[in-house]
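Listed below, chain by chain, are the residues.
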Amino acid sequence: MKAFYSTAHARHAPSDDYEGGTWYPYVEVPERIEACLAVLEKLEGVELAEAGPASKKDLLAVHAPSLVDGLERISGGLAAGEVYQPKPFLDGIFADQSSPVTKGTFRAACGAAGCALAAARAVLGGEGHSVALCRPPGHHAGRAFCGGYCYFNNAALAAQSLTAAGRVGILDLDYHHGHGTQDVFYRRSDVDYASIHADPAVEYPYRWGFAHEKGEGPGEGHNLNLPLAPDCGKTAYLEALERALEFLGRQSPASLVISLGFDTHRSDPYQGMGLDEKTYRTIGARLKDAGLTTVTVLEGGYNLAVLGGSWASYLVGLLKAD
Ligand SMILES: [Zn+2]
């Protein structure tokens, strides 16, 4: 199984995050990818491969020109060390204040998108499973907006690419709802989206991710949100996983994109949902049993001490011998 990475991610390294009127240290740091690579390079059955960047044409498959061009313009106009901090509420292409832009942000985001597209191509070329070590993450980036540490939607780009081979299901397992992914496919019937996440009544992204959001127009019935209490624990989480897989399986998808965030880990700074490495192995094994080709895309997960081990556990479950 191939796991794609891009060295361009290191160009994006904001130091501060502004949320709710307070500055915090930015937790979406380059060391996240180093922590993943250090473990995956030793994992049997995993071959690391460097991906090239996504082109603007690639990005326009799911994003509006206003987002792609806007981000390129802002990022390209900054000096080294300078940061564009989005203003409160809606600021053009920025849905919130958690996606500051630096000189290297555009190239890093193109690199992350390139990882997802390379992972999709691997599956289209006949691989059973592939992984995209994307940074910055992507599931909070919608068709025409970015936010929540995300700039381009890596999982949506992979899913869009995989529609060449039939119907696609997206399973979002990040602690937060992927409102960007939901936004991209909300009015479409060829890509189903199911998300298990912390209740948006109390957690980011606050305005999306509720159970009543089921899709619109042709997309009605193709969106499933399963909000859970932030401290739900693994039993409730794994029950929700069964509901999500049952929903996605109903449409007999040809492949599955998994937006995997390890901020559900019990020791994550976001305090997670009480999951641990053993739970990720269970999730990986359950996905293997589903019998679909998969592209797994990294989203959140901010405890550097458990990130690599969590990936390894998930992949051991997904790749285990029968
Ligand atoms: Zn998250």
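Since this is a predicted model, take the numbers as computed values, not measurements.

Turning to the pattern of salt bridges, a few remarks are in order. On inspection of all chains with the given rule, the structure shows nine salt bridges. Close ionic contact of Asp-192 with Arg-167 constitutes a salt bridge, the shortest N to O distance being 3.1 Å. Taken together, the residues Asp-192 in strand β9 (residues 191-198) and Arg-167 in the loop between α5 (154-162) and β8 (168-172) connect sequence positions 25 residues apart. Residue Arg-167 is classed as partly exposed on the basis of its relative accessible area of 26%. Residues Glu-216 and Arg-187 are paired through a salt bridge, measuring 3.5 Å at the closest nitrogen-oxygen approach. Taken together, the positions of Glu-216 in the loop between β9 and β10 (223-228) and Arg-187 in the loop between α6 (179-185) and β9 put the pair 29 residues apart, joining distant regions of the chain. The exposure class assigned to Glu-216 is partly exposed, which follows from its relative accessible area of 39%. Ionic contacts of the salt-bridge type, sharing partners, join the residues Glu-28, Arg-32 and Arg-135 into one network.

Moving on, we get to the coordination of the zinc ion. Six octahedral donors at a metal ideally form angles of 90 or 180 degrees, and four tetrahedral donors ideally form angles of 109.5 degrees. Protein-derived coordination of the zinc ion comes from Asp-174 (OD), His-176 (ND1) and Asp-263 (OD), at a distance range of 1.9 to 2.2 Å. The sequence motif formed by the donor residues of the zinc ion is D-x1-H-x86-D. In this pair, Asp-174 sits in the loop between β8 and α6 while Asp-263 sits in the loop between β11 (255-260) and α8 (277-290), placing the two residues 89 residues apart along the sequence. Residue classification places Asp-263 among the buried residues on the basis of a relative accessible area of 0%.

Conventions used here
Residues numbered from 1 in each chain as written. Predicted model: local features only at pLDDT ≥ 70, side-chain atom pairs only at ≥ 80, totals over all residues. Heavy atoms only, no water. Salt bridge = Lys/Arg side-chain N within 4 Å of Asp/Glu carboxyl O. Helix = DSSP H or I, 4+ residues; strand = E, 2+ residues; numbered from the N terminus. Buried < 20%, exposed > 50% of the residue type's maximum accessible area, 1.4 Å probe, protein only. Donors = N, O, S within 2.8 Å, 3.2 Å for Na, K, Ca; no water.

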